Amino acid sequence: MRLPRPRGLLSSRLLSVLSGPVRRDGGLRDAAATAVQEAGTVLSDDDVQLGLVLLQELSHDGLDAVDDSWERSADVVDARAVLEDAVEAELRDEVAPAVARWLPPARLDLAETLFEVTDAAEGPSLAGHLQRQATRPQLDEFLVQRSLLQLREADAHTWLIPRLTGRPKAALVEVQSDEYGGGRLEAMHQQLYANTLREAGLDPEYGSYLDRLPATTLAGSTTARMFGQQRRLRGAAAGHLAAVEATSSLPNRRFAAAVRRLGLGDRAAAYFDEHVVADAAHEQVVVRDLCGGLVEQEPALLEDVLFGAASCLLLDARMATAVLDAWAAGESSLLPAEPQQRLGAAS
Ligand SMILES: [Fe+2]
Ligand SMILES: [Fe+2]
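Being a predicted model, the structure only gives us computed values, none of them experimental.

A few words now on the coordination of the iron ion (ligand 2). In the first shell of the iron ion (ligand 2), the protein supplies Glu 179 (OE), Glu 245 (OE), Glu 245 (OE), Asp 279 (OD) and His 282 (ND1), at 2.1 to 2.5 Å from the metal. Of note, the iron ion (ligand 2) draws all its donor residues from one chain, in the sequence arrangement E-x65-E-x33-D-x2-H. Here the iron ion (ligand 1) and the iron ion (ligand 2) are spaced 3.9 Å from one another, each receiving a donor from Glu 179. A residue pair is termed a helical-turn pair when its members lie 3 or 4 positions apart in one helix, as Asp 279 and His 282 do in helix H15 (residues 266-297) at three residues. The class for Asp 279 is buried, based on a relative accessible area of 2%.

And the structure:
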């Protein structure tokens, strides 16, 4: 991934240290701790979220001109743990009331609880706005807002597969196989999203809009990767995926309608069309067989499954609120571009 612009002391230090040779730098951990201390909230702090994107990227696409060996550097691992622990603590705090409400013994049917809370998760209707009244520039912004996550769709949850056994594992493999197009490149959801961007005249390269994405957007991606990459958080990863799948089918119908209303064709809408159908099936498999099966094997994970689902709903709602508020104020929901940088692929 192309290196982004720094957003504060932490990201600026990471960009300069990681661009050099791999060596001990105990200061990275301190820089992460200071950034956490100085952030009002780590979920909406640009420097913390970008720092975490950079550190996590070392385990995914990698960073341009950065030595891959940094991934296993103790200082990088330490700094990442400081940031992820802070993000996890803040999320647990934020969603504790919701999880407590969902937990009581009377509601022990996990599947019913998950369907109920995801159905009830209203949040502001970004999908409704896009379907009915969004302008073409707003649709482009929405596509850019989702680009980091959707161009690597499914990858965060794939980390969970080797940590499962039996029914939950079979369930997750079934769903992930669909996400990767059943092995057909042209049907991979990541590929379908790249097509949508291209059809809209946007840049389909992973990470090309990172500089424009605010912390509230980055938090959706860093949280999913944090859940996926820690075995300790396997319950949260499963619950997170349940919320993703169970809140997808209906909004995607509206996104597809928005794409067509604004003059883009079937090829641009294909990503959204696919999710209307696929996720109606995925939500059943993920909620009943992945989450239900996992909690049957390990009842102690129940609370974390709910924590993961609640975290996903919270971050989605925050991002939608931020986008709609910006548009209501007649502003862009993206961070300012460098001079001359426009949204189009030619930039
Ligand atoms: Fe998908
Ligand atoms: Fe899905």
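On we go.
This paragraph deals with the coordination of the iron ion (ligand 1). Around the iron ion (ligand 1), the protein supplies Glu 153 (OE), Glu 179 (OE), His 189 (ND1) and His 275 (NE2) as donor atoms, at distances of 1.9 to 2.2 Å. Around the iron ion (ligand 1) sit four donor atoms; with metal-centred angles ranging over 82 to 170 degrees, the donor geometry is irregular. Motif for the iron ion (ligand 1), donor spacing along one chain: E-x25-E-x9-H-x85-H. Judged by relative accessible area, His 189 falls into the buried class, the value being 0%.

Among the structural elements, Ser 147 can be located in helix H8 (residues 147-150). On the accessibility criterion, Ser 147 (5% relative accessible area) is buried.

Attention now moves to the side chain of His 129. Here His 129 lies in helix H6 (residues 126-132). A relative accessible area of 16% places His 129 in the buried class. In this view, His 129 contacts Ala 134, Gln 138, Leu 324 and Trp 327; residues no more than four positions away in its chain are not counted.

This brings us to the packing of helix H12 (residues 215-229) against helix H16 (residues 302-328). Following both chains from N to C, one finds H12 and H16 inclined at 165 degrees, their axes separated by 8 Å at the closest point. Classified by the angle between their axes, H12 and H16 sit roughly antiparallel to one another. Considering only the axes of H12 and H16, their crossing is left-handed. Packed against H12, whose contacting residues are Thr 216, Thr 217, Ala 219, Gly 220, Thr 223 and Phe 227, the element H16 presents Phe 307, Gly 308, Ser 311, Leu 315, Met 319 and Ala 322 at the interface. Here the residues of the contact of H12 with H16 are counted per class, giving six nonpolar, six polar and no charged.

Criteria and cut-off values
- Residues numbered from 1 in each chain as written.
- Chains lettered and ligands numbered in written order.
- Predicted model: local features only at pLDDT ≥ 70, side-chain atom pairs only at ≥ 80, totals over all residues.
- Heavy atoms only, no water.
- Donors = N, O, S within 2.8 Å, 3.2 Å for Na, K, Ca; no water.
- Helix = DSSP H or I, 4+ residues; strand = E, 2+ residues; numbered from the N terminus.
- Buried < 20%, exposed > 50% of the residue type's maximum accessible area, 1.4 Å probe, protein only.
- Tetrahedral: all angles 85-135°; square planar, octahedral: opposite > 155°, others 65-115°.
- Contact = heavy atoms within 4.5 Å.
- Axes fitted to C-alpha atoms, helices over the stretch in contact; angles between N-to-C directions.
- Parallel < 35°, antiparallel > 145°, perpendicular 65-115°, else oblique.
- Left-handed = near helix turned anticlockwise from the far one by under 90°.
- Nonpolar A, V, L, I, M, F, W, Y, C, P; charged D, E, K, R; others polar.

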